[in-house]
Amino acid sequence: MRKNNDVKYKKNFIFRIFVLFSVAIVIMLVAMSFLCTRTKHKNYKNVCYAFTNGWEYVDGDGNVGEIEVFPGKVDTKSNILTLKTVLDKSYNYKPVIMLHTRHQLLHVYVDDRCIYELENNISFSKSPGCGWHFINIDEDMYGKEIRITYENVYEERRLGEYEEIYIGNGTGVLTYLLQVNFVSVIISFVIIGLSFMLFAVYKILKSYNEKRSLLFLSIFAFILGGYSLIETDVAQLFVNNLGVLSILTYEALMTVSIPLLLYFREESEESYVKVVVNMLLSFACIVFAALHFLQFTHKAEFPETLWIVHVSMIVYIMGIITVSIVGLLSKKNVLGRKYADKLAYLILGVAVVLDVIRFYDGSRQDYAFCTRIGIVFFVVVLAVSVVNNVYSVSIMGEKVDLWDKFAHEDVLTGTLNRAAFEEEMHDVIRNQSMDSKVAIISIDVNNLKKINDTYGHAEGDIYLKECIYAIREAIGKGINLYRIGGDEFIVIIRNFENGQVMKIITDFEKILRTKHEKFMYPVSFAYGYAYFKASQDKDIYDTLKRADTDMYAKKTEMKKKADYQVAL
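What you are looking at is a predicted structure, and each value in this text was computed from that prediction instead of being measured.

Q: Break down the sheet that holds strand β2 (residues 55-59) for me, citing the residues and quoting the values.
A: Through backbone hydrogen bonds, the strands of a sheet pair up, either in parallel or in antiparallel fashion. Strand order in this open sheet of six strands is β3-β2-β5-β10-β7-β8, and the pairing throughout is antiparallel. Edge positions in the sheet fall to β3 (64-67) and β8 (113-118), since each has one partner strand and no second. The sheet shows a mean angle of 20° between the axes of neighbouring strands, taken without regard to direction. When β2 meets strand β5 (residues 80-86), the two strands line up antiparallel, connected through four bridges.

Here it is as structure tokens:
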């Protein structure tokens, strides 16, 4: 009963975690909405618009031309591109220019004065990272020429490319950035929150299931949630080093498949599935090591080997989906108990493939949007499946414990029954050479039949329970009492201490004397005891016979004494 209450408590605790998580998400949504619109409550107008008028370009070879479309690409073979225009002569707000770069060094000049620059500050990487830049414009710059110079660190990639440029007041450009990424940021925080919730549930249910499925799933969700948040560019509001954020992005992509594969292996039961997953894990470790070697030796850096990461991710997911479908068609329990598990893998796989296609088709949209949606569905479905399975196992364990209890416990008295007694005796025999200090006390409750016949079986049950209480009180905790017949009980004491058996016998006498005042008839039982002696007993059953003999001798003596008192 206590274990059942414990399971219910833990299940309710998991529900509380889910409620708190949901409340936190709602609060975050309200806070983000307020952040995006807070200036409206101050009667202060947000200003942010595309800064596209009057731009010209000059590439590293001296070619000049006009620019009308943002974002866009100039036909050039030079890795240096400069965009220039003239700032307005006056602004009715404090202007801030917001622009985006990808693996490019950046210098911004007003006339010949550099007002902003982005240089690489990571020794093992040429790239300064990807992200947004906020450039403050002072009043003395109004009406002057502004030049934005991009320099590609990877000469073969993104030649002549430039991205959006916006201008507005500080709150306006920040609000615009938050509004554009609002949904993606919320989903990213949801995924990270799910990872912490899964880890908490794993710790709670750890005692019921030794599998680490939820642990691996929580790590998988945490890594992908972090990657997703960095991809929204909002993370740079908290970490200003774009190079560090870029490295973290690639590290997340290279490692995220490992906890996913570990989860799949943990949940799989078929040997051939484990072989396939182990092969994929080995391949993932080789890819991870090889790409880091290329990065630190400057043979090929992470942005240049990103295609390898994308291909390997697709291989992992397609491998998992294939094995799952094979198991499903063969009607074997390969990963899951439900079709939803396979559907979750399929949806995640499709989401990843769609984002990879969007990355290479020249789209400048959020590259991780589809993956975010797929991750939420994937994590929720598999988490529910795992938790439900663990809870079912715990409930089944309770049923097994209950069946075991009924098989080994006497229903009326709560003592162990004959089956448990025989198991104990055989265990003593198996360990008899090491467990020679064994004593047996044989007990027979007196007058039970007479009380049943005179006062009824209900009174006889009360009388029997009172005798059991007296015996338990005497033998103390840690020693088992067995009911082997209607009124026959056995106490087995293994590794007894000197004087322990005699103390129990003495306590029998004291306790019995206190019971006489409670009933209209005397409460009594006969008892005998014997110690195992290797020189005298073939096994513990011979010891039991000697204890029974001693008990029956005392029972005969008690009967003679009672008959003598009646005669008087």
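Q: Hey, could you go over the nonpolar core for me, with residue numbers and the actual values?
A: Phe220, Tyr345, Phe378 and Val379 are the most contacted members of the largest nonpolar core, which has 58 residues in total. Of all elements in the fold, only α3 (182-205), α4 (213-231), α5 (242-255), α6 (257-267), α7 (271-296), α8 (306-329), α9 (339-360) and α10 (369-408) reach the threshold of two or more residues within this core. Apart from the residues lying within four places of it in its own chain, the contact partners of Val379 are Leu194, Leu198, Leu217, Phe220 and Ala221. By size, the runner-up hydrophobic cluster in this structure holds 29 residues, among which are Val47, Leu87, Leu118 and Ile146.

Q: For the side chain of Asn169, give the residues involved together with the corresponding values.
A: The topology assignment puts Asn169 in the loop between β12 (165-168) and α2 (170-180). At 2.6 Å, the side chain of Asn169 forms a polar contact with the backbone nitrogen of Gly172.

Q: Pulling in residues and values, what's your account of the packing of aromatic side chains?
A: Evaluation of the coordinates by the stated rule reveals 14 aromatic pairs. For the ring pair Tyr91 and Tyr142, a centre distance of 5.0 Å and an interplane angle of 65° mean the geometry is edge-to-face. Of this pair, Tyr91 sits in the loop between β5 and β6 (96-102) while Tyr142 is found in the loop between β9 (130-136) and β10 (145-152), placing the two residues 51 residues apart along the sequence. Ring centres of Phe496 and Tyr531 lie 5.1 Å apart, and the angle between their planes is 50°; this geometry places the pair in the tilted category. On the criterion of sequence distance, the pair formed by Phe496 in the loop between β15 (488-494) and α14 (500-515) and Tyr531 in strand β16 (residues 525-531) is long-range, its members being 35 residues apart. Phe496 gets classed as buried once you look at its relative accessible area, which sits at 13%. Three or more aromatic residues link up through ring pairs in this structure, and these residues are Phe51, Trp55, Phe70 and Tyr162. Looking at Lys437, its charged tip hangs above the ring of Phe496, at a distance of 5.3 Å from the centre.

Q: With reference to specific residues and values, describe the pairing of β3.
A: Pairing of β2 with β3, which is carried by four bridges, proceeds in the antiparallel orientation. Residue Glu56 lies in a different strand from β3, and its bridge partner there is Glu66. Between β2 and the antiparallel strand that follows it, β3, lie four residues; Gly62 among them carries a positive phi value of about 90°.

Q: Run through the pattern of salt bridges, naming residues and quoting values.
A: Two side chains that carry opposite charge are able to pair once their charged atoms sit near each other. A full pass over the atoms with the stated rule returns 13 salt bridges. Note that Glu422 is salt-bridged to Arg418, the shortest N-O span being 3.2 Å. Placement of the pair is Glu422 and Arg418 together in helix α11 (residues 418-430), with a separation of four residues, close to one helical turn. A residue is classified by how much of its surface remains accessible, and Glu422, at 23% relative accessible area, is partly exposed. Overall, the relative accessible area of 42% leaves Arg418 in the partly exposed class. Note that Asp507 is salt-bridged to Lys503, the shortest N-O span being 3.0 Å.

Q: For α4, give the residues involved together with the corresponding values.
A: Here α4 is 19 residues long and its end C-alpha atoms lie 27 Å apart, about the 27 Å a rise of 1.5 Å per residue gives. For α4, a buried count of 15 out of 19 residues is recorded, marking the element as mostly surrounded by other parts of the structure. In the segment just after α4, Asp233 is the residue with positive phi, at about 70°.

Q: Summarise a nonpolar patch on the surface; cite the residues concerned and give the values.
A: Together, Leu343, Leu346, Ile347, Val350, Leu354, Ile357 and Phe377 make up a nonpolar patch on the protein surface, roughly 560 Å² of accessible area in all. In terms of residues, the nonpolar patch owes the most to one element, α9, which gives six residues. Among the structural elements, Phe377 can be located in helix α10.

Q: Outline the packing of α5 against α7, supporting the account with residue identities and numerical values.
A: In contact at an axis separation of 9 Å, α5 and α7 are set at 155° when each is read in the N-to-C sense. Judged on the interaxial angle alone, α7 and α5 are roughly antiparallel. In contact with Glu251, Met254 and Thr255 of α5, α7 contributes Phe288, Leu291 and His292. The class makeup of the residues in the contact of α5 with α7 is three nonpolar, two polar and one charged.

The rules we used
Residues numbered from 1 in each chain as written. Predicted model: local features only at pLDDT ≥ 70, side-chain atom pairs only at ≥ 80, totals over all residues. Heavy atoms only, no water. Pairing = 2+ DSSP bridges. Helix = DSSP H or I, 4+ residues; strand = E, 2+ residues; numbered from the N terminus. Axes fitted to C-alpha atoms, helices over the stretch in contact; angles between N-to-C directions. Core = buried A, V, L, I, M, F, W, Y, C linked by side-chain atoms within 4.5 Å. Buried < 20%, exposed > 50% of the residue type's maximum accessible area, 1.4 Å probe, protein only. Contact = heavy atoms within 4.5 Å. Polar contact = N/O pair within 3.5 Å; in protein donor to acceptor, adjacent residues only side chain to side chain. Phe/Tyr/Trp six-rings, centres within 6.5 Å; stacked < 30°, edge-to-face > 60°. Lys NZ or Arg CZ within 6 Å of the ring centre and 35° of its normal. Salt bridge = Lys/Arg side-chain N within 4 Å of Asp/Glu carboxyl O. Expected span 1.5 Å × (residues − 1). Patch = residues over 30% accessible without salt bridge, like charges linked within 9 Å, V, L, I, M, F, W, Y side chains within 5 Å. Areas by Shrake-Rupley, 256 points an atom, 1.4 Å probe, with all protein chains shown as cover. Parallel < 35°, antiparallel > 145°, perpendicular 65-115°, else oblique. Nonpolar A, V, L, I, M, F, W, Y, C, P; charged D, E, K, R; others polar.

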